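Fold and contact review
Chain by chain, the residues:
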Amino acid sequence: MDEEYDAIILGTGIKECIIGGLLSVSGKKVLHMDKKTYYGGESASITPLEDLFARYGKPQSAFDESYGRGRDWNVDLIPKFFMGSGDLVRMLILSGVTRYLEVKRVEGSYVFYKGRLSPVPASAREVMASPALSLLEKRPFQDLINCVMEYTEEDGVPKEGYVKGMKTGDFFNLFGVFNLHDLIGHAMALHPDDDYFESPCEDTVKRIKLYFDSVPINGKSPYLYPLYGLGELPQGFARLSAIYGGTYMLDKPVEEIVMDGGKAVGVKSEGETARTKLVVGDPSYFPDLVKKTGQVVRAICILDHPIYSIGNDPTSTQIIFPCRQVPGRESDIYVCCVSFAHNVASKNFYIATASCKVETNDPLSELQIALDLLKPIKAQFDSVSDLYEPINDGTDNKIFITKSYDATTHFKSTCSDIKDVYKRVTGEDVDLTAADPSNLEEVSQ
């Protein structure tokens, strides 16, 4: 602890590990400290299964031999999928942690639309075959996709009437697809609510293009997920850190952030102080420097069957419930399901997690429409978590704090936060252009 570091990272959550990994690769000397005894923090994967029962206060008698071996389970507390060509994959490639990671495709992408689950089209051709769309809706939708795929930063979208910076709602009207915004804006562009209508359309165009660009990486859906769960990420970064001279320390209580002249210059733990130029950490380490912005409710459900409402019995899938498709909602509801196929559960078992932003005084009831699709549920683990974000950007006090994980089951908002913190720390954008997503090979087709 006598050494001086370019950065001390507090917490081993996915965000903190990626930020630390990117800093290490750029030549910075980094120390990771975590007050917990395990990797991952709030985004940890829990194994064995008995520990999950204990964590949620369920009697050990509830865990019986029907679940198989407890050590065959790796249950994510905050599950999220990678977009095949997305920023998360590019960050993993850029850092080099992919040498310690194996991924596999997610088989399905579904949307709750017009009262039923429908597959999200993975190509313009699938649009024409989609049972969720009427014949009059298919041609305009296909036209939108074709134009979006030709989008460039310089020329924009090749559509008469398009003007750079036009509102997204007006952009949809230009193609005659505004009535399909739940499918396009939420299940493809992955907006969590309808606030994007008034925003410049280019962001939504890029999101849609990313969705379709990601499909060829695995062929069925745009999503990927690591074998053995997201817990593989922080452990992979711990291995990577050793190569670059970094250090990971678990079970290290943080006694004090040492300040000098209003700036963080060290972290004190167990009577010793490690010197540093700056500190990065998750909100739990800085209760006086964050503000509460809301809550998320999650229900982790263990199933001994696939989701019956989906045909073809996929072993993994994401389901999005757009807010306007659920009466009274202002933000989306999410379900992600993984299984034994990703080595996170015993044979023929599934782990489905439902989540949403809390909007009422009865959080669990807000998930009921999703939970009904998962029945029968063998075991259920419910939680309500507060959401926090920093009250300042950290440039003055050299304390850079990440945001809490939101309700989404993909890494869009997570990556935005990582990039934002990295730029505040270094003054530069993360350059992801050199990372080729096709280099992230799948374990199986």
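Residues numbered from 1 in each chain as written. Predicted model: local features only at pLDDT ≥ 70, side-chain atom pairs only at ≥ 80, totals over all residues. Heavy atoms only, no water.

As annotated in an unreviewed UniProt entry, the protein chain carries the name Rab GDP dissociation inhibitor and comes from Acanthaster planci. Under Sequence similarities (unreviewed entry), UniProt gives the following word-for-word description of the protein chain: "Belongs to the Rab GDI family." UniProt, in the comment section headed Function (unreviewed entry), describes the protein chain in these words: "Regulates the GDP/GTP exchange reaction of most RAB proteins by inhibiting the dissociation of GDP from them, and the subsequent binding of GTP." (UniProt positions renumbered as here; feature names shortened; annotations may be inferred.)

Structural notes on the overall build of the protein chain
A count of helical and extended segments in the protein chain gives 11 helices and 21 strands. On the principal axes, the C-alpha backbone points of the protein chain span a range of 70 × 60 × 45 Å. About 18,200 Å² of surface is accessible on the protein chain, with carbon and sulfur atoms providing 46% of the total. When the 47 positive and 64 negative side-chain charges of the protein chain are each reduced to one mean point, those points stand 2 Å apart. (Helix = DSSP H or I, 4+ residues; strand = E, 2+ residues; numbered from the N terminus. Areas by Shrake-Rupley, 256 points an atom, 1.4 Å probe, with all protein chains shown as cover. Lys, Arg positive; Asp, Glu negative; His and termini not counted. Charge placed at Lys NZ, Arg CZ, Asp CG, Glu CD.)

Some thoughts on the pattern of salt bridges
Counted under the stated rule, the structure contains 22 salt bridges. For aspartate 143, the salt bridge goes to lysine 159, with nearest N and O atoms at 2.9 Å. With a gap of 16 residues between them, aspartate 143 in helix 5 (residues 135-148) and lysine 159 in the loop between helix 5 and helix 6 (168-175) connect regions that are remote in the sequence. With a relative accessible area of 28%, aspartate 143 lands in the partly exposed category. You can call lysine 159 partly exposed: its relative accessible area is 24%. (Salt bridge = Lys/Arg side-chain N within 4 Å of Asp/Glu carboxyl O. Buried < 20%, exposed > 50% of the residue type's maximum accessible area, 1.4 Å probe, protein only.)

A short note on the nonpolar core
Formed by 102 residues in total, the largest nonpolar core has its most connected members in Leu49, Tyr67, Trp73, Phe82, Phe141 and Phe171. Residues Tyr110, Phe112, Ile310 and Ala352 belong to the second largest nonpolar core, which totals 26 residues. (Core = buried A, V, L, I, M, F, W, Y, C linked by side-chain atoms within 4.5 Å.)

Details of the side chain of histidine 32
With respect to the helices, strands and loops of the structure, histidine 32 is situated in strand 3 (residues 30-33). On the basis of relative accessible area, histidine 32 is assigned to the buried category, the value being 2%. Look past the residues within four positions of histidine 32 in its chain and what remains in contact with it is Ile9, Gly11, Glu16, Cys17, Gly20, Thr247, Tyr248 and Met249. (Contact = heavy atoms within 4.5 Å.)

Here we look at the packing of helix 1 (residues 14-25) against helix 11 (residues 412-426)
Remark: helix 1 packs on helix 11, axes separated minimally by 10 Å, with the N-to-C direction vectors making an angle of 45 degrees. Between helix 1 and helix 11, the interaxial angle falls into the category oblique. The crossing of helix 1 and helix 11 is right-handed. Where helix 1 abuts helix 11, its residues Lys15, Ile18, Ile19, Leu22 and Leu23 lie against Thr414, Asp417, Ile418, Val421, Tyr422, Val425 and Thr426. Its residues assigned to classes, the contact of helix 1 with helix 11 shows 8 nonpolar, 2 polar and 2 charged. (Axes fitted to C-alpha atoms, helices over the stretch in contact; angles between N-to-C directions. Parallel < 35°, antiparallel > 145°, perpendicular 65-115°, else oblique. Left-handed = near helix turned anticlockwise from the far one by under 90°. Nonpolar A, V, L, I, M, F, W, Y, C, P; charged D, E, K, R; others polar.)

Thoughts on the sheet that holds strand 6 (residues 82-83)
Ordered by their spatial adjacency, 3 strands build an open sheet running 6-10-7, and the pairing between neighbours is antiparallel. Looking at which strands have only one partner, the edges of the open sheet turn out to be strand 6 and strand 7 (103-105). (Pairing = 2+ DSSP bridges.)

Focus: the pairing of strand 17 (residues 317-321)
Most of strand 17 sits inside the fold, with 5 of its 5 residues counted as buried. Strand direction decides the pairing type here: strand 8 (residues 108-113) and strand 17, joined by 4 bridges, are parallel. Paired with glycine 108 across the strands is threonine 317, a residue of strand 17. The pairing of strand 17 with strand 18 (residues 333-339) spans 5 bridges and is antiparallel. Looking at strand 18, one finds that isoleucine 319 is bridged to valine 335.

Quick look at a nonpolar patch on the surface
A contiguous nonpolar surface patch, about 240 Å² in accessible area, is contributed by Val25, Ile243 and Tyr244. Position of tyrosine 244 among the secondary structure elements: in the loop between helix 9 (232-243) and strand 11 (247-249). The class for tyrosine 244 is partly exposed, based on a relative accessible area of 34%. (Patch = residues over 30% accessible without salt bridge, like charges linked within 9 Å, V, L, I, M, F, W, Y side chains within 5 Å.)

Regarding the packing of aromatic side chains
Throughout the structure, instances matching the rule amount to 23 aromatic pairs. With a centroid separation of 5.1 Å and an interplanar angle of 85 degrees, the aromatic rings of phenylalanine 53 and phenylalanine 381 are classed as edge-to-face. Here the residue phenylalanine 53 occupies a position in helix 2 (residues 49-55), and phenylalanine 381 occupies one in strand 20 (residues 379-390), the gap between them amounting to 328 residues. Across the pair, exposure class does not vary: phenylalanine 53 and phenylalanine 381 are buried alike. When the centroid spacing of 6.3 Å and the interplanar angle of 70 degrees are considered together, the rings of tyrosine 67 and tryptophan 73 count as edge-to-face. Exposure class is identical for tyrosine 67 and tryptophan 73. Each is buried. Through successive ring pairs, a cluster of aromatic residues spans Phe53, Tyr56, Phe63, Tyr67, Trp73, Phe349 and Phe381. Just above the ring of tyrosine 405 sits the side chain of lysine 15; from NZ or CZ to the centre is 4.9 Å. The positively charged end of lysine 29 is found above the aromatic ring belonging to tyrosine 5, 5.3 Å away from the centroid. (Phe/Tyr/Trp six-rings, centres within 6.5 Å; stacked < 30°, edge-to-face > 60°. Lys NZ or Arg CZ within 6 Å of the ring centre and 35° of its normal.)

As for unusual backbone geometry
For the bond from threonine 47 to proline 48, the omega torsion is 0 degrees, close enough to zero to count as cis. You can see proline 48 is positioned in the loop between strand 4 (45-46) and helix 2. Cis geometry is found at the peptide bond from lysine 375 to proline 376, where omega equals -5 degrees. Note that proline 376 resides in the loop between helix 10 (368-374) and strand 20. Phi at glutamate 270 takes a positive value of approximately 50 degrees, unusual for a residue other than glycine. For glutamate 270, the location among the structural elements is in the loop between strand 13 (263-269) and strand 14 (272-276). In this model, lysine 398 sits at a positive phi of 60 degrees, which is unusual for a non-glycine residue. The residue lysine 398 is located in the loop between strand 20 and strand 21 (399-401) in this model.

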